Number of protein chains: 4
Amino acid sequence: MSFRHTLTERVQFADTDMAGIVHFSNFFRYMERVEHDFFRSLELSIREDPAKIPEAECVGWPRVHASCDYKAPLFFEEQFTMELLVEEVRSKTVRYMIRFWKLTGELCAEGRIIAACVRRDPATGKMKAVEIPSRCLAKIQTAPSELLTSAVSPK
Amino acid sequence: MSFRHTLTERVQFADTDMAGIVHFSNFFRYMERVEHDFFRSLELSIREDPAKIPEAECVGWPRVHASCDYKAPLFFEEQFTMELLVEEVRSKTVRYMIRFWKLTGELCAEGRIIAACVRRDPATGKMKAVEIPSRCLAKIQTAPSELLTSAVSPK
Amino acid sequence: MSFRHTLTERVQFADTDMAGIVHFSNFFRYMERVEHDFFRSLELSIREDPAKIPEAECVGWPRVHASCDYKAPLFFEEQFTMELLVEEVRSKTVRYMIRFWKLTGELCAEGRIIAACVRRDPATGKMKAVEIPSRCLAKIQTAPSELLTSAVSPK
Amino acid sequence: MSFRHTLTERVQFADTDMAGIVHFSNFFRYMERVEHDFFRSLELSIREDPAKIPEAECVGWPRVHASCDYKAPLFFEEQFTMELLVEEVRSKTVRYMIRFWKLTGELCAEGRIIAACVRRDPATGKMKAVEIPSRCLAKIQTAPSELLTSAVSPK
């Protein structure tokens, strides 16, 4: 069972824009990176393998909401730590909070992603929200509220 | 004076991901595209030209917040219309709402960007929030609340 | 039958990097944009629709080669024209040359893409190079050599 | 003195496209990633710091050429190793060859980047090719030809 995961990355040149800082849209790509790394750390994958799980049971995790509050810019070659916390687990969605920390301990951004658990409906071929399977629920739990409400640098 | 701007685009192959739909982070790039097009339509630029405006007065518009609620996916080669509305003009920030419409009239996403007006502080070299210059205020106004509260397809 | 297609675009903020110019990788995204627009202009799609063409006959066009020579940078908000020329049509591949022109008539880059015509092999599930279908060959032809060897601004 | 550098990365979801594989343009972003990591491994930076090196002597490395030959696709979550080799050092340019290896030892792509050494001309404000400074030349050398001509998996 886990509710927290961290990942340290380095800003790449292609992530910056002409303002000399990481483009705001790339924070969302970074958030997805730590989310997927969290799943791998739990021996889950957001892309389930039909060779291991019956195809009719494979689920995906499209986003229904994403947001980010920006507090300080990130620069080329700078390293930063993402701290993912599970903010809420509902029957068909998971909400993550992701904090971006500079190595100095400064909080530079705080984002959220709400991912819905979906499965392809064989009748319509469309994705449909479904209850989160027990294989996932068994590993993901909501973080304690004190971790969610007070941002403390992981360093 | 303007409070609304629309732009129709087509989904490019590189905007999609292996789920076969536009990657959620690209909605933020699309939002920026209509925002900057809005500025150009007003003969403004989010990148002011020091050849035209004294460099000490040039302002930029970094984001302090961005969010998106996703309702329906966009697919490769699909055309969609972005409808930007000025949701709030404050002394140092502007908040935009951007609705994404399929050509069928279906609302597929609704996003928000809050951009802060900043200028480089000559003493520290850092960006600092400043009051929005009158050359911008003269052209941007808050949209009527009925436009903001009820989503009506621009078609 | 066609061997040439042009498309004028504007540099977006997210296309730039901290050097203040379009990131070199984005020229490849731009090239794909004009290539796909060329297909649409011929009422073809690089993503064939199984509702219109039997799925076993649908082909795709992955790249086996891509290159670009950079001569002058492109800047934020600058408009540029891409000129696509069909450089060679072989039995299973098409080679495109794409020239990037500033509106002043300056040549800023010259790129190439070789796309292979592929179809999913039902036995292995893998993509396999196949002969270009006649529905495509009927519309695409090699450009005259004088167009390929001497770059003349489309203006 | 170094002529070779390797870096192992994992394919991210946002790197894929609707064909289910890494988009061809992202190989160029990956190449830049290993190139910059090579510089850092030599205690160099492609973005020199005016606090350490007189600003008039700071150099940059824009690309004059980039190319890639694609042999096998990369998939989501797959790990791959990039092997950078210095193919040629000239007075004002460096040419890199970058091989992409699957962990199975399969060669999936081979790319090249030619980077020019430039400095801002104080008179015109434009970038101008200059001789590679000795601080860089002292650390970068051409790889032995047998490494360049025969691709051997680094595993």
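Now for a look at the structure at hand. Note that the structure is a prediction, hence the values are computed from the model and not measured.

1. Re the overall build of chain A
Moving on, step 1. For chain A, the helix and strand inventory stands at three helices and seven strands.
Moving on, step 2. Overall, chain A shows an N-to-C arrangement of helices and strands of β-α-β-β-β-β-β-β-α-α.
Moving on, step 3. In terms of overall dimensions, chain A has C-alpha extents of about 50 × 35 × 25 Å along its principal axes.
Moving on, step 4. Within the span of chain A, comprising 155 residues, buried residues form 58% of the whole.
Moving on, step 5. Long-range contacts, defined here as pairs at least 24 residues apart, represent 68% of the contacts in chain A between residues at least 6 apart.
Moving on, step 6. Surface accessibility of chain A: about 6,800 Å² in total, with carbon and sulfur atoms responsible for 50%.

2. Digging into the environment of D37 of chain D
Moving on, step 1. Locating D37 of chain D in the fold gives a position in helix α1 (residues 26–41).
Moving on, step 2. With near-sequence residues (within four places) excluded, D37 of chain D lies in contact with H5 and L7 of chain D.

3. A short note on helix α1 (residues 26–41) of chain A
Residues and elements named next belong to chain A.
Moving on, step 1. Here α1 contains 16 residues, and its C-alpha end-to-end distance of 23 Å stays within 8% of the 22 Å for a straight helix at 1.5 Å per residue.
Moving on, step 2. Of all 16 residues in α1, 15 are buried, a share of seventy percent or more.
Moving on, step 3. In the stretch just after α1, E43 is the one whose phi turns positive, near 60°.

4. Considerations on the interface of chain B and chain D
Moving on, step 1. Counting residues at the interface gives nine residues for chain B, matched by nine residues for chain D.
Moving on, step 2. Both sides together, the interface formed by chain B and chain D hides about 840 Å², and carbon and sulfur atoms give 75% of it.
Moving on, step 3. On the chain B side of the interface with chain D, the three residues burying the most area are F13, M18 and H23 of chain B, jointly 58% of the side's total.
Moving on, step 4. Remark: the boundary between chain B and chain D carries zero salt bridges.
Moving on, step 5. Along the contact surface separating chain B from chain D lie four residue pairs in polar contact (both at pLDDT 80 or more).
Moving on, step 6. When the residues that make up the side of chain B that touches chain D are grouped by side-chain class, the tally is five nonpolar, three polar and one charged.

5. A few points about the sheet that holds strand β2 (residues 63–70) of chain D
Moving on, step 1. With respect to topology, ten strands assemble into an open sheet ordered β1(C)-β3(C)-β4(C)-β5(C)-β2(C)-β2(D)-β5(D)-β4(D)-β3(D)-β1(D), the strand pairing being antiparallel. For this open sheet the edge positions go to β1 (4–10) of chain C together with β1 (4–10) of chain D, each flanked by a neighbour on one side alone. Taking the axes of each pair of neighbouring strands and ignoring which way they run, one obtains an average angle of 15° across the sheet.
Moving on, step 2. Of the strand pairs in this sheet, strand β4 (residues 93–102) of chain D and strand β5 (residues 107–116) of chain D are connected by nine bridges, and their pairing is antiparallel. Looking at β5 of chain D, one finds that F100 of chain D is bridged to A109 of chain D.

6. Considering the interface of chain A and chain B
Moving on, step 1. The interface is formed by 19 residues belonging to chain A together with 19 residues belonging to chain B.
Moving on, step 2. Counting the contacts that link chain A with chain B gives zero salt bridges.
Moving on, step 3. At the junction of chain A with chain B, the criterion picks out 14 residue pairs in polar contact (both at pLDDT 80 or more).
Moving on, step 4. Elements with a minimum of two residues in the side of chain A that touches chain B: α1 and β2 (63–70) of chain A.
Moving on, step 5. For the side of chain A that touches chain B, the element with the most residues is β2 of chain A, which contributes eight residues.
Moving on, step 6. Grouping the constituent residues of the side of chain A that touches chain B by class yields nine nonpolar, five polar and five charged.
Moving on, step 7. In the sheet, β2 of chain A pairs with strand β2 (residues 63–70) of chain B via five bridges, with the strands oriented antiparallel.

7. Concerning the relation of the copies chain A and chain B
Moving on, step 1. Superposition record for chain A on chain B: RMSD 0.0 Å, screw rotation 180°, translation along axis 0.0 Å. Taken together, the rotation angle and the small translation identify this as a two-fold axis. Of every C-alpha in chain A, the one belonging to S67 of chain A sits nearest the axis of rotation, 1.9 Å from it.
Moving on, step 2. A share of 100% of the interface residues of chain A reappears at the interface of chain B, consistent with the copies meeting face to face through the same patch.

Cut-offs applied
- Residues numbered from 1 in each chain as written.
- Chains lettered and ligands numbered in written order.
- Predicted model: local features only at pLDDT ≥ 70, side-chain atom pairs only at ≥ 80, totals over all residues.
- Heavy atoms only, no water.
- Helix = DSSP H or I, 4+ residues; strand = E, 2+ residues; numbered from the N terminus.
- Buried < 20%, exposed > 50% of the residue type's maximum accessible area, 1.4 Å probe, protein only.
- Contact = heavy atoms within 4.5 Å.
- Areas by Shrake-Rupley, 256 points an atom, 1.4 Å probe, with all protein chains shown as cover.
- Expected span 1.5 Å × (residues − 1).
- Buried area = accessible area lost by both parts, 1.4 Å probe.
- Salt bridge = Lys/Arg side-chain N within 4 Å of Asp/Glu carboxyl O.
- Polar contact = N/O pair within 3.5 Å; in protein donor to acceptor, adjacent residues only side chain to side chain.
- Nonpolar A, V, L, I, M, F, W, Y, C, P; charged D, E, K, R; others polar.
- Pairing = 2+ DSSP bridges.
- Axes fitted to C-alpha atoms, helices over the stretch in contact; angles between N-to-C directions.
- Least-squares fit on C-alpha atoms with pLDDT ≥ 70 in both.

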